[in-house]
Structure formats: structure tokens, C-alpha cells
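If you want the building blocks of each chain, they are given just below.
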Amino acid sequence: MEVLYGLHPVEEALRAGKRRFDYVLVARERHDDRLERLVAACREAGIRVRQEPREQLTQAAQTAAHQGVVALVRPQEFLAIEDLFAPDPAKPDAARLLLALDGVEDPQNLGALLRVADGAGVDGVVLTERRSAPLSAVAAKASAGAAEHLRIARVVNLVRALEDLKAKNLWIVGLDERGQTDYDRFDLTGDLVLVLGREGAGLHDLVRRTCDHLLRIPMAGGVSSLNVAAAGAVVLYEAARQRRASAVRFAAGAVQDSAARTTKRKGLGS
């Protein structure tokens, strides 16, 4: 069993329906509508709820940042890289956007990136089994429960996984301060994988060489780069912006084509 703590992670795990809950602990000292709604939802789902002193929850979560809610759940099941070859079933016709993390070791950064990935509409996330932060309770809390809604694959060899994705017609785009192209001057609307590297060290050499393109975030100050979570947010939301704009242009073009065809038909019949 694994521990989840905090209102957002427990609420989202319950809403996603992917995890099996053993039981949920709530602090006796906390009384508010949001907690009552969570307790009611747990009971409706047949999940045991126990009221315990706050100190008991702190001991179970090994932190005081549990917000009065701790859940014992089955570990999250990861996908294989092959599961990400096909588009997200919820968006079968959209261009694919995947996020691959090359050794992000800080669980706070991992959680923040998963939260951004969910918000930016990423179709799947690729994590490495070694030299990366586990999807722990800390990471789940930092993701505000977003980890429960993402398709996440764990791989042994990231380079091999990226090569497999290339073979499925996805471009591999790395973010690197030594990149030659500014991120906002690159077309991010196609099928692609954005690869982010380790805190401080960036992409491994083999991963960098596997990338089809290397992008950079131009920095105007004295610091040469952003924190990996901040950098990921910048580029992923630029990709989301470009994709929305592209969809609007496509829709406008389709309307104009339809109007032109209608006008032509009317002319022929006059």
C-alpha cells in the first residue's frame, strides 16, 4: 500500500477511479464543508473512513502537511511505452504531445511538472525507472492530484523509448540552454515529445544526441537557465497556445470553405 495525503491528491484519486483505496483517515480536529464532502464521497464509494487525532495522521503521512486527510491506496500502475504509441483515446484526432523526463530527481519538481502537463493537455508522460524521483506522496501532493489523470509510462532506457517514439512519427524535441532555436520560434503544433533534463545538469549526452531539435529559453538576466519545472511550464504552455491558435485557424478556414461552397452552389442554380 502507498500513502496519499492532502485534499487535492485524495480527491483526485477518488475522482479518477484508478486506485483501490484501503481506508481514509481524517483529522478529528478539522470540521469544514470540503472535508465533509470528501468523507461523503468516500462513503458513497464504499471506502472506509476513520477519524483520528491529527498527530496520528502526521505519523502516517510522515509530514504535518496532510491538511487533515491521509489515504492508504494501492500503488499507481504505470503503462509501458507501447501504450503511448497511439493517441489519447479522449483526443484521437489531435496531434500528440508527450513529455519525457530525463532524470528529474526532486519530487517537488516532478509533481509540479505533472501538474503543468495535465493543465497543458499533455497526452502522456515518460519517466525513467532509475535516477529519477519516484511518484511518491510528496510528488502526488505537489501535483495537486494531476498524477491520477495522466497516462504515465516508466521505462528502463529513455534513449530506446525515444527511438521507439520516433519510429511512430513523433519528433523528439529537447530543451537545452545550448539549443540554437528559441522555443517560441519553433512549431510545436505537430506530433512531438518534449524532453526535459536533470536539475542542474540538463539532458544526458545520449539523450541530447537522440533529439531531432534542441530548443532554448532566452534569458535576459544574469542567470543562464530556469528551474526545470518552470522551464517545462513555459514551453508546454507555449505548445498549448500554438495548438489552440492552430485549431482556431483550422476551424475558421473550414467555415470559410463551407461558405464558399454554398455560395458557388447558389450561383450555379440561379
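Residues numbered from 1 in each chain as written. Predicted model: local features only at pLDDT ≥ 70, side-chain atom pairs only at ≥ 80, totals over all residues. Heavy atoms only, no water.

What about the overall build of the chain?
Right, on to step 1. When helices and strands are counted, the chain shows eight helices and 11 strands.
Right, on to step 2. Expressed as a percentage of the 270 residues in the chain, the buried residues total 44%.
Right, on to step 3. Within the chain, contacts between residues separated by at least 24 positions form 81% of all contacts whose residues are at least 6 apart in sequence.
Right, on to step 4. Roughly 14,300 Å² of accessible area belongs to the chain as shown, and the carbon and sulfur atoms make up 49% of that amount.
Right, on to step 5. Counting 38 positive and 36 negative side-chain charges, the chain places the centres of these two groups 4 Å from one another. (Helix = DSSP H or I, 4+ residues; strand = E, 2+ residues; numbered from the N terminus. Buried < 20%, exposed > 50% of the residue type's maximum accessible area, 1.4 Å probe, protein only. Contact = heavy atoms within 4.5 Å. Areas by Shrake-Rupley, 256 points an atom, 1.4 Å probe, with all protein chains shown as cover. Lys, Arg positive; Asp, Glu negative; His and termini not counted. Charge placed at Lys NZ, Arg CZ, Asp CG, Glu CD.)

Describing the side chain of D88
Right, on to step 1. One can find D88 in the loop between β4 (69-73) and β5 (97-101).
Right, on to step 2. Although buried, D88 forms no salt bridge, and the nearest oppositely charged side chain, R151, lies 4.5 Å from it.
Right, on to step 3. Those residues in contact with D88, other than ones at most four positions away along the chain, are D123 and R151. (Salt bridge = Lys/Arg side-chain N within 4 Å of Asp/Glu carboxyl O.)

A short note on the environment of G68
Right, on to step 1. Considering the arrangement of structural elements, one finds G68 in the loop between α3 (54-61) and β4.
Right, on to step 2. The buried category is assigned to G68, whose relative accessible area is 0%.
Right, on to step 3. Separated by 37 residues in sequence, G68 and H31 have C-alpha atoms that sit 9.6 Å apart.
Right, on to step 4. Setting aside residues up to four positions removed in sequence, G68 forms contacts with L25, V26, A27, L35, R54 and L57.

What about the packing of aromatic side chains?
Right, on to step 1. Taken as a whole, this structure holds zero aromatic pairs when the rule is applied.
Right, on to step 2. The cationic tip of R50 hangs over the ring face of Y23; the distance from NZ or CZ to the ring centre is 4.6 Å.
Right, on to step 3. Between the NZ or CZ atom of R154 and the centre of the ring of F78, over which it lies, the distance is 4.9 Å. (Phe/Tyr/Trp six-rings, centres within 6.5 Å; stacked < 30°, edge-to-face > 60°. Lys NZ or Arg CZ within 6 Å of the ring centre and 35° of its normal.)

Section: the packing of helix α1 (residues 7-16) against helix α2 (residues 33-44)
Right, on to step 1. Put simply, α1 and α2 touch, their axes get as near as 11 Å, and they point 30 degrees apart. Judged by the inter-axis angle, α1 sits roughly parallel to α2. Judged by the sense of rotation from one axis to the other, the crossing of α1 with α2 is left-handed. For the pair α1 and α2, contact is made by L7, H8, V10, E11 and L14 and by R34, L35, L38, A41 and C42, respectively.
Right, on to step 2. For the contact of α1 with α2, the residue count by class is seven nonpolar, one polar and two charged. (Axes fitted to C-alpha atoms, helices over the stretch in contact; angles between N-to-C directions. Parallel < 35°, antiparallel > 145°, perpendicular 65-115°, else oblique. Left-handed = near helix turned anticlockwise from the far one by under 90°. Nonpolar A, V, L, I, M, F, W, Y, C, P; charged D, E, K, R; others polar.)

Some thoughts on helix α4 (residues 107-119)
Right, on to step 1. The end-to-end C-alpha separation of α4 is 18 Å, in line with the 18 Å expected for 13 residues at 1.5 Å each.
Right, on to step 2. The opening residue of α4, the one whose side-chain oxygen lies 2.7 Å from the backbone nitrogen of Q108, is D106.
Right, on to step 3. A positive backbone phi angle near 80 degrees is found at G121, which sits one or two residues after α4. (Expected span 1.5 Å × (residues − 1). Polar contact = N/O pair within 3.5 Å; in protein donor to acceptor, adjacent residues only side chain to side chain.)

Regarding the sheet that holds strand β1 (residues 2-5)
Right, on to step 1. Spatial strand order, β1-β4-β2-β3: four strands in an open sheet with mixed pairing. Lying at the two open borders of the sheet, with one neighbouring strand each, are β1 and β3 (48-52). For this sheet the average axis-to-axis angle between neighbouring strands, irrespective of direction, equals 25 degrees.
Right, on to step 2. Here five bridges tie strand β2 (residues 21-27) to β4, and the two strands are oriented antiparallel to one another. Among the inter-strand pairings, Y23 is bridged to a residue of β4, identified as L72.
Right, on to step 3. The strands touched by α3 within the sheet are β1, β2, β3 and β4, with β2 carrying the most contacts at an inclination of about 135 degrees. (Pairing = 2+ DSSP bridges.)

Topic: the pairing of strand β11 (residues 213-216)
Right, on to step 1. With three bridges joining them, strand β8 (residues 171-175) and β11 adopt parallel strand pairing. By the bridge assignment, L175 is partnered in β11 with L215.
Right, on to step 2. Where strand β9 (residues 181-182) meets β11, two bridges bridge the pair, whose relative direction is parallel. Each bridged residue has a counterpart across the sheet, and for T181 the counterpart in β11 is L215.

Focus: the pattern of salt bridges
Right, on to step 1. Applying the stated criterion to the full structure yields 15 salt bridges.
Right, on to step 2. Note that R30 is salt-bridged to D32, the shortest N-O span being 2.4 Å.
Right, on to step 3. With relative accessibility at 24%, the residue D32 sits in the partly exposed group.
Right, on to step 4. Note that D176 is salt-bridged to R178, the shortest N-O span being 3.2 Å.
Right, on to step 5. Judged by relative accessible area, D176 falls into the buried class, the value being 6%.
Right, on to step 6. One network of salt bridges, with partners in common, ties together D176, R178, D205 and R208.

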